[in-house]
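Below are the chains, spelled out letter by letter.
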Amino acid sequence: MKSLPELAGFTFVPMLTGTEGKGHRKNAGTQNLDKAYRSGKAGSQNQDLREHLTRLQEIDNDLEYINGVSTYFENETILIDIPGKQRFTNHDRDTYFRSVFNKFPKNSLIFVDPDTGLKTDSPDNKHLLYSEIKAVLNRMDSGSILMIYQHFPKGNHEDFIRTTAGELEKWTNVYPAIITDAEVVFFILTKNQKLAVHLNDVIECYADTYPALQCMNSEG
């Protein structure tokens, strides 16, 4: 956000499922944060962020956790909007995304955060459909960026990235910028070619800062 002054704010679409057991975040969070710092993962050099995330691990309630995330961005003077705070269910997915569209921003980094990631068809509440990504991108203005979380399935990571990026291009006519730490991957799309060039430069510079990160931003 700080390296892309073209953006007016950050939009977080959390797709909360409520499937984790009580205490899960606290039990796993501290260990994951320590591991992230040791391995040089994204954000691990940001002391303020690390301290804030450590405090958030004490929160079990999803909505309270989301509000805590919002506080961090506000403290960094980054405008943040979080539509879709209600539970995301497979049965009501159309209703969920209609509610998100009702509050759709302009010139925003829009982060959609499914539990698992993308799927072509027959999803459950942990997945986001390619058709839904197409709908989001169609609704976006040309000054916005869409970022999608994806957990790696079993198998070769490079093959998966290449296949998924190709599928995204087929559905949206946009080849994504890609950044990964070998455990998760983010696919990032914008309809604005000039903004896409700047975006690629920014995430490549960011990846150079952290040993665990790798960019894969060229087609093929």
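This text goes with the structure placed above it.
Residues numbered from 1 in each chain as written. Predicted model: local features only at pLDDT ≥ 70, side-chain atom pairs only at ≥ 80, totals over all residues. Heavy atoms only, no water.

A word on the overall build of the protein
Here is step 1 of the chain: Of the regular secondary structure elements, the protein holds 7 helices and 9 strands.
Here is step 2 of the chain: For the protein, the proportion of its 220 residues judged to be buried stands at 46%. (Helix = DSSP H or I, 4+ residues; strand = E, 2+ residues; numbered from the N terminus. Buried < 20%, exposed > 50% of the residue type's maximum accessible area, 1.4 Å probe, protein only.)

Here's the deal with the pattern of salt bridges
Here is step 1 of the chain: As enumerated under the stated definition, the model contains 8 salt bridges in all.
Here is step 2 of the chain: A salt bridge links Lys35 to Glu183, with the nearest nitrogen and oxygen atoms 3.2 Å apart. Residue Lys35 is found in helix α1 (residues 24-39), and its partner Glu183 is found in the loop between β7 (177-180) and β8 (184-189); the two are separated by 148 residues along the sequence.
Here is step 3 of the chain: Here Lys170 ties to Glu167 by a salt bridge, and the two come within 3.1 Å at their closest N and O atoms. In this pair, Lys170 and Glu167 both sit in helix α6 (residues 157-172), 3 residues apart, roughly one turn of the helix.
Here is step 4 of the chain: When its relative accessible area of 58% is taken as the criterion, Lys170 is described as exposed.
Here is step 5 of the chain: Here the residues in one salt-bridge network are Lys35, Lys41, Asp181 and Glu183, joined through shared partners. (Salt bridge = Lys/Arg side-chain N within 4 Å of Asp/Glu carboxyl O.)

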